[in-house]
Amino acid sequence: MWTGDGAHIAFSSSPDPEQRVRPRIKWKAADGTGEIEALTEAGTTLQLPQGLSPDGSQLVFTELAEDTGWDVWTLDLEGREARPVLDTEYNEDSADLSPDGRWLAFQSDSTGTNEVYVRPFSDVEGGLWQISNGSGQEPNWSPDGR
């Protein structure tokens with residue numbers, strides 16, 4: 001995933017697949033200079049970058065936790081602090097931020113099948129709207145945010 005300014009590429013990579021350490025999120029300068037930098041800690045969960053806030057300060061990622069399944073997290077890129085955004089007993093995955101950074105689209109299996117939802121970001125308790133009906137997955141915003 002490219003950063004908004006085109007300066008970095010964020011990706012998921014395992015430090016040593018032979019040790020069964022799950023991939024964590026890293027990034028590197030897009031021009032190839034510098035070293036690969038780990039953005040999250042290595043562990044037993046799978047982490048995948050999903051989106052960046054328009055100002056480039058927050059990276060949204062999904063994490064596969066052994067006890068709760070897929071959850072949506074955000075990482076403050078300046079302080080390198082991660083916090084859960086959607087962490088329930090259901091799988092929340094394929095998160096995508098709107099171009100203006102105000103909305104988070106994602107898929108959840110809370111109804112028993114995957115459906116697409118939208119919530120305010122980062123105040124995810126500020127509302128919830130189901131977008132798909134009868135199944136939906138992997139939402140993506142159009143460039144104009146509609």
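For the structure itself, consult the block above.
Structural notes, computed from the coordinates. No experiment lies behind these values; they were computed from the predicted model shown.

Below, the discussion takes up the sheet that holds strand β4 (residues 46-52). Taken in spatial order, the four strands of this open sheet run β4-β5-β6-β7, and their pairing is antiparallel. Edge positions in the sheet fall to β4 and β7 (81-86), since each of these pairs with one other strand and no more. The mean inter-strand angle of the sheet, taken between neighbouring strand axes irrespective of direction, is 35°.

On to the nonpolar core. Among the nonpolar cores identified, the biggest contains 11 residues, and these are Val60, Val72, Val85, Leu86, Ala95, Leu97, Leu104, Phe106, Tyr117, Phe121 and Val124. Those elements that place two or more of their residues in this core are β7, β8 (92-97) and β9 (103-108). Residue contacts for Ala95: discarding those within four places in its chain leaves Gln50, Val60, Thr62, Val72, Leu104, Ala105 and Phe106. Core analysis: the next-biggest nonpolar cluster, separate from the first, contains 10 residues, Ile25, Leu39, Leu75 and Leu77 among them.

A word on the pairing of strand β2 (residues 24-29). Judged from the six bridges that link them, strand β1 (residues 8-13) and β2 form a sheet pairing that is antiparallel. Paired with Ile9 across the bridge in β2 is Lys28. Bridge count for β2 against strand β3 (residues 37-38) is two bridges, and the pairing is antiparallel. In the strand pairing of β3, Lys26 is matched with Ala38.

The next thing to look at is the pattern of salt bridges. Where side chains of opposite charge bring their charged atoms close, a pairing between them can arise. One pass over the structure, following the stated rule, counts one salt bridge. The partner of Glu37 in a salt bridge is Arg80, with the nearest N and O atoms 2.5 Å apart. One end of the pair, Glu37, is in strand β3; the other, Arg80, is in the loop between β6 (69-76) and β7, and 43 residues separate them in sequence. Take Glu37: its relative accessible area is 35%, and that puts it in the partly exposed class. Judged by relative accessible area, Arg80 falls into the partly exposed class, the value being 30%.

Reading the values: rules and limits
- Every chain is numbered independently, its residues counted from 1 as its sequence is written.
- Residues qualify for local features only when their pLDDT is at least 70, as the model is predicted, and side-chain atom pairs are given and counted only at 80 or more; totals for whole chains, interfaces and linings, by contrast, use all residues.
- Each side-chain value is derived from all of the structure's non-hydrogen atoms; neither hydrogens nor water enter the calculation.
- A pair of strands is considered paired only if DSSP assigns at least 2 bridges between the two.
- Secondary structure is summarised from DSSP: a helix means a run of H or I of at least four residues, a strand means a run of E of at least two, and numbering begins at the N terminus for each.
- To obtain an axis, a line is fitted to C-alpha atoms, over the contacting stretch when the element is a helix, and the angle between two such axes runs from 0 to 180 degrees between their N-to-C directions.
- Working definition of a nonpolar core: buried Ala, Val, Leu, Ile, Met, Phe, Trp, Tyr and Cys residues. They are joined through side-chain atoms within 4.5 Å.
- Per-residue accessibility, obtained with a 1.4 Å probe over protein chains only, is compared with the maximum for each type, and a residue is labelled buried under 20%, exposed over 50%, and partly exposed between these values.
- Whether two residues are in contact is decided by their heavy atoms: any pair within 4.5 Å suffices.
- Salt bridges are defined as contacts in which a side-chain nitrogen from Lys or Arg sits within 4 Å of a carboxyl oxygen from Asp or Glu.

The quantities given are spatial measurements derived from coordinates; they are silent on function.
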